[in-house]
Each structure stands twice: as C-alpha cells, then as structure tokens.
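# Observations on the model geometry
Next come the chains, spelled out residue by residue.
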Amino acid sequence: MNIATTIEQKLLSAFSPIHLDVVNESNQHNVPVGSESHFKVVIVSKNFEGERLIKRHRAINQVLANELSEHIHALALHTYTEKEWHDYYADSVPLSPKCLGGSKT
Amino acid sequence: METIERIKEQIAENPILLYMKGSPKLPNCGFSAQASQALMSCGEKFAFVDILQNPDIRAELPAYADWPTFPQLWVEGELIGGCDIILEMFQQGELQTLIKETAEKTQTEENS
C-alpha cells in the first residue's frame, strides 16, 4: 500500500472525518519523481472540538508516528471542526472566472 | 554539555525561540521560511537555532518536544507548534498578541 493510502486509512479510522484530503506534494520538492515524502492533510472532524491546534496536531502525529519516522519528511496539517470549516470556507471558496467568450472565437 | 541539557537551556533562556532549518534571512526550507517570516512580522526580537548546523539538536529535539518536524516555535518554555499552527495563529492575530505580550513581559523583567 502506498503511503498516501496508509495515511488516509489511519486518519479515517482514528478521526471519522467529515472531510479528508491527503495530498502528495512531493513533486514540489527536491526529491525523485514519484516520491512519497511531502504531504498535506486537510481534515475536518468532530474530535477536534474544544481542542487547541497543538493538541489536534499531536493527535494526528501520534496516529501517523510510524509513517512520520519511516517515510514522511514533511506533513502540513490543516485541522478544522465542522463549524470552523464552514466559517472558513463558506465564503472563501474561490470562484472560477466568468466566461469572456473566448471559446467561440 | 549533553545535547538535551543544551536544548533545555536554550528553551529556558529564550522566551521566544524558533528551531528552524537555516536562518530567518537565509531559510533552507519552505516551512521554516514561512514560519520565520510570520514571526519577523510580529516586530519583536526572537532567538533562533539553525538545526542544520546542529545535527545533534535536530536528532534529539523531536523526542524531547514530542513533535516530529521542524520548524518549532517555543514561547516561554512551551511548544506552540510548527509552521501550520504559527501561520494559522498569525492569520487570526493570535501570534502577534502572544509575541508582543511575551516581549513586553521579558522587557519588564529585565528592567526591574
């Protein structure tokens, strides 16, 4: 199993997330093509309610301790409660630009 | 001095301390760059340790801190977090408050 899938499965079972994105960002870094070294996780879970960021991150680091020590070089974490996720993204999902007619010319 | 003793001493002696890769002026990692940039924007003096120049600290701090990655921001002996936490606190204005209050407190202590 690749690392991305392992991360995904471990987080799914530990946090029952409402939303989960695991993005392999290794291609943005100075590592061989196809590496699984740099990841970004966006996770929305009820478990984070009332928890400070450091506690949320520690909880994730603990679940992924093995991957962190063996495989992962960088792990960006963006952790939200349902409310934070809603407040954060409700008005800020970027809109795609309007059509300016270029497809017909 | 043992590495762990040096770490404890650094954390105890520097109220605002960033462990990072490279220096704020010449960071060697994107995450360290963002973290030190946010910290510099707070406008207060802070200490930093370049862990690339201190491989022993790089090896031992994660276990001591119970935090696997760098950068790490320590304020008044407490781990605040890594790059994502620093940036999120900065965006919320919490980092500026924390850093300013810590700097003021330290100054008052030095003057008294």
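These numbers were taken from a predicted model, which means no experiment stands behind them.

Below, the discussion takes up the overall build of chain A. Broken down by element type, chain A carries four helices and three strands. Counting only residues that meet the buried cut, chain A has 36% of its 105 residues in that class. A fraction of 61% describes how many contacts in chain A between residues 6 or more apart in sequence connect residues 24 or more apart. Carbon and sulfur atoms make up 51% of the accessible area of chain A, which totals about 6,800 Å².

Now for the sheet that holds strand β3 (residues 74-80) of chain A. Residues and elements named next belong to chain A. Here three strands make up an open sheet; going across it, the order is β1-β2-β3 and the pairing mixed. Because the sheet does not close on itself, it has two edges, and the strands there are β1 (19-24) and β3. Going across the sheet, the axis of each strand differs from the next one's by a mean of 10°, ignoring polarity. Pairing analysis gives six bridges linking β1 to strand β2 (residues 38-44), with the strands arranged antiparallel. Directly across from N24, in β2, lies its bridge partner F39. Strand contacts of helix α1 (residues 3-15): β1 and β2, with the helix running at about 25° to β2, the strand carrying the most contacts.

The subject of this paragraph is the pattern of salt bridges. Counted according to the given criterion, the structure contains nine salt bridges over all chains. In this structure, the salt-bridge partner of E25(A) is K40(A), at a minimum N-O distance of 3.8 Å. Separated by 15 residues along the polypeptide, E25(A) in the loop between β1 and β2 and K40(A) in strand β2 bring together distant segments of the chain. A residue is classified by how much of its surface remains accessible, and E25(A), at 13% relative accessible area, is buried. The shortest N-O distance in the salt bridge between D66(B) and R58(A) comes to 3.6 Å. In this pair, D66(B) is assigned in the loop between α3 (55-65) and β3 (72-75) and R58(A) in helix α2 (residues 53-63), connecting two distinct chains. According to the relative accessible area criterion, D66(B) is exposed, its value standing at 53%.

Taken together, the contacts link 14 residues of chain B with 14 residues of chain A. Buried area between chain B and chain A, both sides added, is near 1,200 Å², and the carbon and sulfur share of it is 60%. Taken together, chain B and chain A are joined by one salt bridge. Linking chain B with chain A are three residue pairs in polar contact (both at pLDDT 80 or more), by the criterion used here. Broken down by secondary-structure element, the contributors of at least two residues to the side of chain B that touches chain A are β4 (78-81) and α4 (83-92) of chain B. In terms of residue count, α4(B) provides more of the side of chain B that touches chain A than any other element does, four residues in total. Per-class residue counts for the side of chain B that touches chain A are seven nonpolar, three polar and four charged.

On to the nonpolar core. All names here are of chain B. Counting residues in each nonpolar core, the largest one holds 31 residues, and the members touching the most others are Y19, L61, L73, W74 and L95. For this core, the leading source of residues is strand β1 (residues 16-20), giving five residues. Contacts of W74, omitting those with residues within four sequence positions, involve I11, P15, I16, L17, Y19, L61, Y64, A65 and L79.

Here we take up the UniProt feature "binding site: glutathione" (unreviewed entry) in chain B. All names here are of chain B. UniProt records the feature "binding site: glutathione" (unreviewed entry) at K21, R58, F70, C83 and D84, using the numbering of this structure. Its place among the elements puts R58 in helix α3. Taking the relative accessible area as the measure of exposure, R58 reaches 35% and is therefore partly exposed. Not counting residues within four places of it along the chain, the set of residues in contact with R58 comprises K21, I51, L52 and F70. According to the relative accessible area criterion, C83 is buried, its value standing at 5%.

Parameters and conventions
- Residues numbered from 1 in each chain as written.
- Chains lettered and ligands numbered in written order.
- Predicted model: local features only at pLDDT ≥ 70, side-chain atom pairs only at ≥ 80, totals over all residues.
- Heavy atoms only, no water.
- Helix = DSSP H or I, 4+ residues; strand = E, 2+ residues; numbered from the N terminus.
- Buried < 20%, exposed > 50% of the residue type's maximum accessible area, 1.4 Å probe, protein only.
- Contact = heavy atoms within 4.5 Å.
- Areas by Shrake-Rupley, 256 points an atom, 1.4 Å probe, with all protein chains shown as cover.
- Pairing = 2+ DSSP bridges.
- Axes fitted to C-alpha atoms, helices over the stretch in contact; angles between N-to-C directions.
- Salt bridge = Lys/Arg side-chain N within 4 Å of Asp/Glu carboxyl O.
- Buried area = accessible area lost by both parts, 1.4 Å probe.
- Polar contact = N/O pair within 3.5 Å; in protein donor to acceptor, adjacent residues only side chain to side chain.
- Nonpolar A, V, L, I, M, F, W, Y, C, P; charged D, E, K, R; others polar.
- Core = buried A, V, L, I, M, F, W, Y, C linked by side-chain atoms within 4.5 Å.
- UniProt positions renumbered as here; feature names shortened; annotations may be inferred.

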